Amino acid sequence: MVGTLDALLFDTRHQLCDNRRMTQPFIPFTKPTIDEATISAVTDVLRSGWITSGPKVLDFEKALGEYFGGATVRCFANGTATMKIALQVAGIGPDDEVITSPISWVATSNVILAVGAKPIFVDIDPQTRNIDLNKVAQAINQHTKAIMPVYLAGLPIDIDALYALATQHGLRVIEDAAQALGSSWNGARIGQRGKHDLVSFSFQANKNLTTIEGGCLVFNAERFGADQVQLAEKLRLQGLVRSGPDGMEVDVLGGKDNLTDVNAVIGLHQLKQLDQFQQRRIELAKDYFLKIDQAGLVHKDLGLPVADFEQSNWHMFQVILPLARLQRSRGDIMSALKEHGIGTGAHYPIITNFDLYRKLGYSPESTPIAAEIGRSILTLPLFPTMSSHDIDRVVQALTQVLN
Ligand SMILES: *Cc1c(COP(=O)(O)O)cnc(C)c1O
């Protein structure tokens, strides 16, 4: 078994080799957009004498707060730590059940397990590929403490229906909005002040806004109290509070989950460009729809995403492969596309098929729609610096591979 990092480095080297053989450059499935102003701002922080959490983190939290209409925001080392702290802040622990989607990055359910609670996987809607809220209602029992929905590819879930359900059953909501920065529902941003309970975002390298690694949590301090914000601050740094005879006291078990100023300054620059990035993503997504249609791929039973150009941030452009007709696996098709110089991704294989989850008694069969989509979903390249010509190349390659 090779480690994840080894596999990643191997993949990168492999792509570089491929580039030399191919006449056209390799198109990765995603790529961060980092401008020179960002690079020079990072250099300034590195020269400043203060490189870990400091003034840039405070500035970034303030800027994010403004972005969400005056909400309280705190930053963390990554999206996973952000979600785990959100669960802790909501008081989720042993014997509690948390309802979530089986089609997500495994971090979503891993953090539920990490706080000692039990993930309950509910099937997804085949169109949106997000959790089916009608099925959520059926999964609620006396152990249910929270709902943790996921915004796959940034497509919003029905916030009104979600909170109606949560309020009716007295449940907390921890939104895994890792992919949904810039998305909206009914005219309000996901994370907008006063509209939510706890909303967690990730700034990992592939996300629409990156700090390399990082994350933030948006609080509804008005409704759930400022205590929760203070608890989150403690949990991200060893449980530390500034008080007592030595100027410090520890009263809860915290971790080491703070964001650094180097990361935060990247985020400040990315935030200024976020709307522009998103506009470009929307243009490219529209281009995909047009060219996929022109190529006749829709008639060849290729499943398309919901065409929501108003509310989705188009974090990913994902299609559903007609595997039964093709009599081929997704892995096979990904390799064939790679031969054409096109990078793709599998986001995501169903969580309940992983060994750890199987050993815990879960199985994909209990969520048949998610099981099918987990096998056949494919992420096509989409990132702001892609060109219309790149979209042509992806669709041409896809047409050849699927015929
Ligand atoms: C990226 C991501 C996470 C985790 O974020 P990290 O910053 O990588 O820890 C969680 N859930 C989803 C859906 C994600 O895409």
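The paragraphs below set out a description of the structure included in this document. (Residues numbered from 1 in each chain as written. Predicted model: local features only at pLDDT ≥ 70, side-chain atom pairs only at ≥ 80, totals over all residues. Heavy atoms only, no water.)

This paragraph deals with the overall build of the protein. When helices and strands are counted, the protein shows 15 helices and 13 strands. Relative to its length of 403 residues, the protein is compact, with a C-alpha radius of gyration of 21 Å against a globular reference of 22 Å. Dimensions of the protein, computed from the C-alpha atoms along their principal axes, are close to 70 × 55 × 45 Å. By residue count, 54% of the 403 residues in the protein fall in the buried class. (Helix = DSSP H or I, 4+ residues; strand = E, 2+ residues; numbered from the N terminus. Rg over C-alpha atoms; globule rule 2.2 N^0.38 Å. Buried < 20%, exposed > 50% of the residue type's maximum accessible area, 1.4 Å probe, protein only.)

Around the ligand lies a shell of 16 residues, among which Gly 79, Thr 80, Asp 176, Ser 202 and Lys 207 are the nearest. Ser 202 is positioned with one of its side-chain polar atoms (N or O) 2.7 Å from an oxygen atom of the ligand. Within the side chain of Lys 207, a nitrogen or oxygen atom sits 3.2 Å from an oxygen atom of the ligand. Sorting elements by how many residues they give to the shell around the ligand places helix α4 (residues 79-89) first, with three residues. Tallied by class, residues from the shell around the ligand come to five nonpolar, nine polar and two charged. (Near = heavy atom within 4 Å. Polar contact = N/O pair within 3.5 Å; in protein donor to acceptor, adjacent residues only side chain to side chain. Nonpolar A, V, L, I, M, F, W, Y, C, P; charged D, E, K, R; others polar.)

This next bit is on the pattern of salt bridges. Close approach of charged atoms lets side chains of opposite charge pair. The full count for this structure, using the stated rule, is 14 salt bridges. Between Arg 193 and Glu 222 there is a salt bridge whose closest N-O contact spans 2.8 Å. Note that Arg 193 is positioned in the loop between β7 (188-189) and β8 (198-202) and Glu 222 in helix α8 (residues 221-224), a separation of 29 residues in sequence. Among the charged side chains, a salt-bridge network with shared partners connects Asp 287, Lys 291 and Asp 392. (Salt bridge = Lys/Arg side-chain N within 4 Å of Asp/Glu carboxyl O.)

Turning to helix α7 (residues 159-169), its buried residues are Ile 159, Leu 162, Tyr 163, Leu 165 and Ala 166. The buried side chains of α7 occupy one side of the element, clustering within an arc of 155° when seen end-on. Opposite the packed face of α7, turned more than 90 degrees from it, sit the exposed residues Thr 167 and Gln 168. Packing partners of the buried residues in α7 comprise α6 (133-139), β4 (144-148), β5 (172-176) and β6 (184-185). Put simply, Asp 158 is the residue that caps the front of α7, since its side-chain oxygen is 3.1 Å from the backbone nitrogen of Asp 160. (Arc of directions from axis to C-beta. Contact = heavy atoms within 4.5 Å.)

The biggest cluster of nonpolar side chains holds 42 residues, and the ones touching the most others in it are Phe 60, Leu 64, Phe 68, Val 136 and Phe 201. Listing elements by their share of this core, those giving two or more residues are α3 (55-67), β1 (72-76), α6, α7, β8, β9 (215-219) and α10 (261-294). Examining the composition of this core, we find that five residues originate from one element, α7, more than from any other. Residues within four places of Leu 64 in sequence aside, it is in contact with Val 73, Cys 75, Phe 203, Cys 216 and Leu 271. One finds Ile 282, Phe 383, Ile 391 and Val 401 within the second-largest nonpolar core, a separate group that totals 31 residues. (Core = buried A, V, L, I, M, F, W, Y, C linked by side-chain atoms within 4.5 Å.)

A word on the packing of helix α2 (residues 36-47) against α10. α10 packs onto α2 with a crossing angle of 155° between their chain directions and a minimal axis gap of 9 Å. Viewed along their axes, α2 and α10 adopt a mutual orientation that is roughly antiparallel. Helix-helix and strand crossings are classified by hand; for α2 and α10 the assignment is right-handed. Residues Ala 37, Thr 38, Ala 41, Val 42, Val 45 and Leu 46 of α2 form the contact with α10, whose own contacting residues are Asp 261, Val 262, Val 265, Ile 266, His 269 and Gln 273. (Axes fitted to C-alpha atoms, helices over the stretch in contact; angles between N-to-C directions. Parallel < 35°, antiparallel > 145°, perpendicular 65-115°, else oblique. Left-handed = near helix turned anticlockwise from the far one by under 90°.)

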